Amino acid sequence: MGDRHERRATPDARTTGDAARQVRLVHTVLDTLDTLLDAPIQERLAVVAVHAATCVSAAAWRVSRVDEETVRSQRPEIIRPPKVGDGPTAPQGWAANYPLVTRPALAEAAEGSAFSVTLDTADPVEESALAGTGFTSAVVAGGYDPDAHRWLLEIFGDESTHETPAFAAVLLALVQAALGFPRAAAPSRAAS
């Protein structure tokens, strides 16, 4: 007969801390986006990138736009250069433009989805692209803006980055919020 008071698994401190950080990330980004009603999409996505990168201690991020089936880097930001050989170096092809057709997972993300990749778990195309940057992981999310332009946000990691399995979904939700139709802030309920 089983114990009536079965022990339930409880999350460890790190899992709880990661979840709390991601909740704060969502609140902070949504509050900030509400103040940027007239801001260009690139600026709105940069807000997501800066806060998301801080949340997971990312090494770099990049906002790109897809024009005529070519991914065009709009705003790359390196926080910690990848280490290659004896020291840090700039990633190869960091701000380069490339045909979207060469990266099927990226093409899918540009349609409104997200994925995570590491050097150990990637498909061969994404693994090769990631290896070329010098970083060890990436989380990518994308979608369409109100004018039907496709955008991508890539968050790159290294040995100091602490992404979680849920981070891709959180990033996708925030990217979609940044890409969505800007709206006026909701009136305060306390005023009524």
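Bear in mind that the values here come from a model prediction, so they are computed numbers and not experimental data. (Residues numbered from 1 in each chain as written. Predicted model: local features only at pLDDT ≥ 70, side-chain atom pairs only at ≥ 80, totals over all residues. Heavy atoms only, no water.)

A.B. asks: I'd like a rundown of helix α2 (residues 41-56), residues and numbers included.
C.D. replies: An ideal rise of 1.5 Å per residue puts 22 Å on 16 residues; α2 measures up with 23 Å between its terminal C-alpha atoms. For α2, the complete set of buried residues consists of Ile41, Arg44, Leu45, Ala46, Val47, Val48, Ala49, Ala52, Ala53, Cys55 and Val56. Just downstream of α2, Ser57 is the residue with a positive phi angle, here 55°. (Helix = DSSP H or I, 4+ residues; strand = E, 2+ residues; numbered from the N terminus. Expected span 1.5 Å × (residues − 1). Buried < 20%, exposed > 50% of the residue type's maximum accessible area, 1.4 Å probe, protein only.)

A.B. asks: Quick rundown of the sheet that holds strand β6 (residues 114-118)? Include the residues and the values.
C.D. replies: Strand order across the open sheet formed by 6 strands is β5-β2-β1-β8-β7-β6, with antiparallel pairing between neighbours. Two strands in the sheet have a free side with no partner beyond their single neighbour: β5 (98-99) and β6. Packing of helix α4 (residues 124-133) onto the sheet brings it into contact with β6, β7 (137-144) and β8 (150-157), and relative to β6 it is tilted by some 65°. Helix-sheet contacts for helix α5 (residues 167-179) involve β6, β7 and β8, and the interaxial angle to β7 is about 35°. (Pairing = 2+ DSSP bridges. Contact = heavy atoms within 4.5 Å. Axes fitted to C-alpha atoms, helices over the stretch in contact; angles between N-to-C directions.)

A.B. asks: Could you give me a rundown of the pattern of salt bridges, with the residues and numbers involved?
C.D. replies: Here the structure, examined in full by the defined rule, presents 6 salt bridges. Arg62 is paired through a salt bridge with Glu154; the nearest N and O atoms lie 2.9 Å apart. Of the two residues, Arg62 sits in strand β1 (residues 60-67) while Glu154 sits in strand β8, which places them 92 residues apart along the sequence. Accessibility classification places Arg62 together with Glu154 in one group, the buried group. The residue Arg65 makes a salt bridge to Asp67 at a minimum N-O spacing of 2.9 Å. (Salt bridge = Lys/Arg side-chain N within 4 Å of Asp/Glu carboxyl O.)

A.B. asks: Tell me about α4, and name the residues and values.
C.D. replies: Listed as buried for α4 are Glu126, Leu130 and Thr133. Taken end-on, α4 shows its buried residues confined to a sector of 50°, consistent with a single buried face. Facing away from the buried surface of α4 by more than 90 degrees, the exposed residues are Pro124 and Ser128. For α4, the side-chain oxygen to backbone nitrogen distance between the N-cap and Val125 is 3.0 Å, and the N-cap itself is Asp123. Note on α4: the residue one or two positions beyond its end, Gly134, has a positive phi of about 90°. (Arc of directions from axis to C-beta. Polar contact = N/O pair within 3.5 Å; in protein donor to acceptor, adjacent residues only side chain to side chain.)

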